[in-house]
Amino acid sequence: METASLTGHFIIAMPSLTESYFDQSVTYICEHDDNGAFGIVINHATDITLDEVIPDIDLSSSKSSNHDQKLFIGGPVQQDRGFILHKSGKEWKSTLRVDDHISLTTSRDILESIAKNEGPEDNIVALGYAGWGPGQLEQEFLDNAWLSCPANEKIIFHTPVKQRFQAAADIIGVNMNTISNQSGHA
């Protein structure tokens, strides 16, 4: 049985994930196929700003308003590596075009562009990503761990971080405050 791809969708953590890394998370799925899935959590911001890390990675920069943007914990995998989710357009050395509107870049050249105020205006700089092996995400859906819905770039780039969880659920008409952390099958 072939599974529908969730590439370009949000997955929204169900209340049963309260004691995991994914508690109240919204993950943008960048790729999903027979080999597994990976995505970037878009609502777990840190207290670290881009301005704080630019000197640590030896990038020259111009001070700008976007440098005070918070870095995100994109997931529990490879948290020592940067992943930049951004609006599609220009491509850098290592860019994955997720769809016509959103891309993911992992190469240093995009950070250099952002540091020089030449990068994409709409972006999320994340440390790490969320990843699932073959069939793992599908099993988690069967276990009622996630809801899914089409992604919305306004939520990714323009909705306040603390509102993204409910805003994503609103796409499918779900009030996350009324969902039980108990699951069952009829």
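As a starting point, this report considers the structure included with it.

Criteria and cut-off values
- Residues numbered from 1 in each chain as written.
- Predicted model: local features only at pLDDT ≥ 70, side-chain atom pairs only at ≥ 80, totals over all residues.
- Heavy atoms only, no water.
- Helix = DSSP H or I, 4+ residues; strand = E, 2+ residues; numbered from the N terminus.
- Buried < 20%, exposed > 50% of the residue type's maximum accessible area, 1.4 Å probe, protein only.
- Contact = heavy atoms within 4.5 Å.
- Phe/Tyr/Trp six-rings, centres within 6.5 Å; stacked < 30°, edge-to-face > 60°.

1. Structural notes on the environment of Ser88
Logical step 1: The topology assignment puts Ser88 in the loop between β6 (77-87) and β7 (95-97).
Logical step 2: According to the relative accessible area criterion, Ser88 is buried, its value standing at 19%.
Logical step 3: Ser88 sits 34 residues away from Asp122 along the chain, and the two C-alpha atoms are 9.6 Å apart.
Logical step 4: Aside from chain neighbours lying at most four places away, what touches Ser88 is Arg97, Asp99, Asp100, His101, Ile102 and Ser103.

2. Quick word on the side chain of Ser113
Logical step 1: Relative to the elements of secondary structure, Ser113 occurs in helix α2 (residues 108-115).
Logical step 2: Other than its neighbours up to four places away in sequence, Ser113 contacts Lys90, Trp92, Glu118 and Gly119.

3. Concerning the packing of aromatic side chains
Two aromatic rings, taken as a pair, are described by how far apart their centres are and by the angle between their planes.
Logical step 1: This model, assessed by the stated rule, comprises 7 aromatic pairs.
Logical step 2: For the pair Tyr21 and Phe22, a centre-to-centre distance of 5.2 Å together with 90° between the ring planes defines the contact as edge-to-face.
Logical step 3: Ring centres of Trp132 and Trp146 lie 6.1 Å apart, and the angle between their planes is 85°; on these two criteria the pair is classed as edge-to-face. With a gap of 14 residues between them, Trp132 in strand β9 (residues 123-132) and Trp146 in strand β10 (residues 146-150) connect regions that are remote in the sequence.
Logical step 4: Look at Trp132 and you get buried, because its relative accessible area is 6%.
Logical step 5: Overall, the relative accessible area of 4% leaves Trp146 in the buried class.

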